[in-house]
Amino acid sequence: MRTMMSVARLTDQTPRRDFTVAVFVTCGRRVLLLRHRRYRKWLPPGGHLRPGELPDEAALREVREETGLDVTLTGERALPVAEPRQLVRPEGVQVEVIEPGHEHVDFIYFARVEPDDGGEPPVLRPNREAAAIGWFSEEQLQTMGLTEEILLWSRKALEDNARRQPGGGVG
């Protein structure tokens, strides 16, 4: 028995879709967010993929450009093989309407950095896209006026980081 798949045709009503990354970086029990100057809201580091760039490469580049940090993506790779090259699987993929006729296909990644010798998150070196930037605890997230999406992804990143710590578990 054959199954027919319908294929959506591109029309004049099909929105322009850009591929982007968003990276929720954690350090201990804090998550990194920046107040985006253009969008005037708290967001994780992220941005558009460049032509020919892989999503996990874009994730690392965007964090470095926007914060000065070199981070480790925490997602899994599908297979333990050298070839074909396995990419880090994003934690999620979502379509976000930016404006009528323009959407972003967001690859959502989690990443982490180690604290400094004093146990504090590393110093941030933001670029000019950020009006403000910082490391925030789950309690602080409640008072920042975050969108529901950013709040939920931030919590999920913190939970994921807690599970990966020695002793695991949240709390």
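Computed from a predicted structure; not experimentally measured.

Asks: Is there a simple way to think about the pattern of salt bridges in this case?
Replies: Proximity of charged atoms lets side chains of opposite charge pair with each other. Inspection of every chain in the model, using the stated rule, returns 14 salt bridges. The shortest N-O distance in the salt bridge between Arg 17 and Glu 103 comes to 2.7 Å. With Arg 17 in strand β1 (residues 16-27) and Glu 103 in strand β7 (residues 102-112), this residue pair connects regions lying 86 residues apart in the sequence.

Asks: Please clarify how helix α1 (residues 55-67) should be interpreted in this entry.
Replies: Taking 1.5 Å as the rise per residue, α1 with 13 residues should run 18 Å; its terminal C-alpha atoms sit 18 Å apart, in good agreement. Taken residue by residue, α1 has Pro 55, Asp 56, Ala 58, Ala 59, Arg 61, Glu 62, Val 63, Glu 66 and Thr 67 as its buried positions. As for α1, its buried residues are in contact with β1, β2 (30-36), β4 (46-48), β5 (72-73), β7 and β8 (130-136). Phi turns positive one or two residues past the end of α1, at Gly 68, with a value near 80°.

Asks: Hey, could you run me through the packing of aromatic side chains in this one?
Replies: Aromatic rings considered in pairs are described by the distance between their centres and by the relative angle of their planes. If you walk through the whole model with that rule in mind, you get five aromatic pairs. For the pair Phe 24 and Phe 110, a centre-to-centre distance of 6.5 Å together with 90° between the ring planes defines the contact as edge-to-face. Taken together, the residues span a long stretch of sequence, with Phe 24 in strand β1 and Phe 110 in strand β7 at a distance of 86 residues. You can call Phe 24 buried: its relative accessible area is 1%. Of the aromatic side chains, those joined through ring pairs into one cluster are Phe 24, Phe 110 and Trp 153.

Asks: Just checking my understanding: could you explain the environment of Leu 32 for this structure?
Replies: If you trace the backbone, Leu 32 turns up in strand β2. Its relative accessible area of 0% is what places Leu 32 among the buried residues. Distance in space between the C-alpha atoms of Leu 32 and Leu 69 is 11 Å, their sequence separation being 37 residues.

Asks: Got a minute to help me understand the nonpolar core in this structure?
Replies: Core analysis: the largest hydrophobic core is formed by 18 residues, its most contacted members being Val 23, Val 25, Leu 69, Tyr 109 and Trp 135. Mapped by element, the contributors of at least two residues to this core are β1, α1 and β7. Sort the elements by how many residues they give to this core and β1 lands first, with four residues. Residues contacting Trp 135, with those up to four places away along its chain left out, are Val 25, Thr 26, Cys 27, Arg 30, Val 31, Leu 32, Leu 69, Val 113, Pro 121, Pro 122, Leu 124 and Gln 140.

Asks: Explanation requested: the confidence of the model for the chain in the structure shown.
Replies: Any residue range with low pLDDT should be treated as having predicted coordinates unsuitable for detailed reading. Overall, the predicted model of the chain reaches an average pLDDT of 91, with 90% of residues at or above 70. Low pLDDT, under 50, characterises residues 1-9; the predicted model gives this stretch one contact beyond four residues in sequence or across chains.

Scoring rules and cut-offs
- Residues numbered from 1 in each chain as written.
- Predicted model: local features only at pLDDT ≥ 70, side-chain atom pairs only at ≥ 80, totals over all residues.
- Heavy atoms only, no water.
- Salt bridge = Lys/Arg side-chain N within 4 Å of Asp/Glu carboxyl O.
- Helix = DSSP H or I, 4+ residues; strand = E, 2+ residues; numbered from the N terminus.
- Expected span 1.5 Å × (residues − 1).
- Buried < 20%, exposed > 50% of the residue type's maximum accessible area, 1.4 Å probe, protein only.
- Contact = heavy atoms within 4.5 Å.
- Phe/Tyr/Trp six-rings, centres within 6.5 Å; stacked < 30°, edge-to-face > 60°.
- Core = buried A, V, L, I, M, F, W, Y, C linked by side-chain atoms within 4.5 Å.
- pLDDT = per-residue confidence, 0-100.

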